[in-house]
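Report on the structure
Next come the chains, spelled out residue by residue.
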Amino acid sequence: MQFSQLVDTFGRVARDLRVSLTDRCNLRCTYCMPAEGLAWLPTDETLTDDEVIRVMRVAVERLGITRIRFTGGEPLLRPHLDRIVAGAAALRGAEGRPELALTTNGLGLDKKIDALAAAGLDRVNLSLDSLDPQRYARLTRRDRFHDVLTSIDAVERVGLTPLKINAVIMRGVNEDDIVPLAQFCLERGYQLRFIEQMPLGPKGEWERGDMVTAAEILAALETRFRLHPLDEPRGSAPAELWGVAPDQRQPGGRLGVIASVTNPFCGACDRTRITSDGQVRTCLFSQRETDLRSILRGGGTDDDLVEAWTGAHRGKAKAHGINEAGFVQPERTMSAIGG
Ligand code: SAM
Ligand code: SF4
């Protein structure tokens, strides 16, 4: 069996696979989806469980993938998610790879977490943009804040820690949550990551001026906490990490800021993505997709999948181009790409 790597013409090697399991979601975060009117992908165009598991097997056994993250849309809406996680866990070699993580809004996770942990899930990233129930309802367009807190407690109970929390900050919406979110995560020992808002939501709605920059987030944090940069090599990790000194109200810890727009990390990108309808995307912002579903359904071999996937990466763009004059937002919203 021939082994290849997902290497591009700039020498980057993809080892981190994002698997989108559905484009559907039970929230409507304003930065990700329109309030209504986004058609779901037809079910028959979505990869089956067996197709997803085959794609992951090829990625791990033939293409050197060492980390898999399940995402969406909301991956907890995927029936038999635990079966898919178990399928990925069965690919683990002696060194315990691939590492398996889930990015979720947390709704209903409390009911599924035991099965997911038993299936082999290693880590959870949970998205929470506000600690104010009404603000949470406004920005997700659904009144589900307390369900998220229940799920956070469940993740702790099962011991899938450290829990990572993702937060997107929007000007005039949830800037007042920057400090409370940090306080909450530091008190509880969670790893918080603030993410700059990217142009991947409803078309034409992203305004550079509305994006709260990493610098502004850090300035807000410094009004309350003493921060120091952590001199750890970032590798391909997108977050810039900061140590927080302990004080009377919190035990200290660390948090991160992902400056995808103001300080892109494209040069160290090690990601590849597959959408729920079986399209390889080498970047969130790709304008081109490579169709693995036709190969899967047309009797293609594993070699055919390897050839198509490696070919896609040979064409991976140098950078996402958000800051370039001719930037064009991709057709799919973040929910349909897989964040
Ligand atoms: N539904 C799950 C969730 O919300 O965690 C998984 C999918 S969601 C698309 C993955 C991550 O992308 C979330 O942390 C979300 O906050 C982030 N995200 C969505 N739209 C974004 C945008 N326009 N800019 C930056 N991050 C975004
Ligand atoms: Fe759904 Fe996640 Fe997008 Fe929010 S960020 S609408 S939870 S897919």
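I will try to describe carefully the structure that is included in this document. (Residues numbered from 1 in each chain as written. Chains lettered and ligands numbered in written order. Predicted model: local features only at pLDDT ≥ 70, side-chain atom pairs only at ≥ 80, totals over all residues. Heavy atoms only, no water.)

1. Section: the overall build of the protein
A tally of helices and strands in the protein yields 10 helices and 14 strands. By the compact-globule yardstick of 20 Å for 339 residues, the protein fits well, its C-alpha radius of gyration being 19 Å. Out of the 339 residues belonging to the protein, those deemed buried represent 56%. A sequence separation of at least 24 residues applies to 73% of the contacts in the protein between residues at least 6 apart. Accessible surface computed for the protein: about 14,600 Å², of which carbon and sulfur atoms make up 50%. Here the protein carries 44 positive and 47 negative side-chain charges, and the mean point of each set is 2 Å from the other. (Helix = DSSP H or I, 4+ residues; strand = E, 2+ residues; numbered from the N terminus. Rg over C-alpha atoms; globule rule 2.2 N^0.38 Å. Buried < 20%, exposed > 50% of the residue type's maximum accessible area, 1.4 Å probe, protein only. Contact = heavy atoms within 4.5 Å. Areas by Shrake-Rupley, 256 points an atom, 1.4 Å probe, with all protein chains shown as cover. Lys, Arg positive; Asp, Glu negative; His and termini not counted. Charge placed at Lys NZ, Arg CZ, Asp CG, Glu CD.)

2. Notes on the site of ligand 1
Near ligand 1 you find 18 residues, and of these Tyr31, Gly73, Glu74, Ser127 and Met198 are the closest. Between an oxygen atom of ligand 1 and a side-chain N or O atom of Ser127, the distance comes to 2.6 Å. With respect to ligand 1, the backbone of Met198 contributes an N or O atom lying 2.8 Å from a nitrogen atom. Here ligand 1 has 540 Å² of accessible area as a free molecule, and 96% of this is covered by the chains. Counting only elements with at least two residues in the shell around ligand 1, the list comes to β5 (99-104) and β7 (164-168). (Near = heavy atom within 4 Å. Polar contact = N/O pair within 3.5 Å; in protein donor to acceptor, adjacent residues only side chain to side chain.)

3. Here we look at the pairing of strand β11 (residues 253-258)
Direction of pairing for strand β8 (residues 191-195) relative to β11: parallel, over a ladder of four bridges. Residue Leu192 lies in a different strand from β11, and its bridge partner there is Leu255. As paired elements, strand β10 (residues 240-244) and β11 share five bridges and run antiparallel to each other. By the bridge assignment for β11, Val244 is matched with Gly253. (Pairing = 2+ DSSP bridges.)

4. A word on the sheet that holds strand β13 (residues 279-281)
With respect to topology, 12 strands assemble into an open sheet ordered β9-β10-β11-β8-β7-β6-β5-β4-β3-β12-β13-β14, the strand pairing being mixed. Looking at strand neighbours, the two that pair on one side only are β9 (227-229) and β14 (290-291), the edges of this open sheet. Strand direction decides the pairing type here: strand β3 (residues 16-20) and strand β4 (residues 67-71), joined by five bridges, are parallel. Paired with Arg18 across the bridge in β4 is Arg69. Along the sheet, helix α9 (residues 302-314) contacts β3, β12 (271-274), β13 and β14; its crossing angle with β12, the most-contacted strand, is approximately 125°. (Axes fitted to C-alpha atoms, helices over the stretch in contact; angles between N-to-C directions.)

5. Details of the side chain of Asn105
Turning to its location among the elements, Asn105 is positioned in the loop between β5 and α3 (109-119). For Asn105, a relative accessible area of 7% gives the class buried. Separated by 2.9 Å, the side chain of Asn105 and the backbone nitrogen of Leu107 make a polar contact. Excluding anything up to four places from it in sequence, Asn105 contacts Cys25, Asn26, Leu27, Glu74, Leu126, Ser127 and Val148.

6. Observations concerning the nonpolar core
Among the nonpolar cores identified, the biggest contains 99 residues, and Met56, Ile68, Phe70, Leu128, Phe194 and Leu221 are the most heavily contacted of them. It is helix α1 (residues 49-63) that provides the largest number of residues to this core, a total of eight residues. Phe70 has contacts with Val19, Leu21, Met56, Pro75, Ile84, Val85, Ala88, Leu100, Ala101, Leu102 and Thr103, leaving out every residue within four places of it along the chain. (Core = buried A, V, L, I, M, F, W, Y, C linked by side-chain atoms within 4.5 Å.)

7. Overview of the pairing of β5
Across the six residues that make up β5, a large majority, five, are buried. Two strands pair when backbone bridges link them, and β4 and β5 are joined in this way by four bridges, in the parallel orientation. Opposite Arg67, over in β5, you have Glu99 as the bridge partner. Considered for its hand, the β-α-β crossover made up of β4, helix α2 (residues 81-89) and β5 is right-handed. Here β5 pairs with strand β6 (residues 123-127) via four bridges, running parallel. Bridge pairing links Thr103 to Asn125 in β6. (Right-handed = clockwise from strand over helix to strand, strands pointing away.)

8. Quick look at α3
Looking at α3, one finds that the buried residues are Leu109, Ile113, Leu116 and Ala119. Each buried residue of α3 sits inside an arc of 130° when the element is viewed along its axis, so together they form one side. What points out from α3, more than 90 degrees from its buried face, is the exposed set Lys111 and Ala118. Residues of α3 that are buried make contact with α2, β5, β6 and α5 (145-158). Count one or two residues on from α3 and you reach Gly120, which has phi positive near 120°. (Arc of directions from axis to C-beta.)

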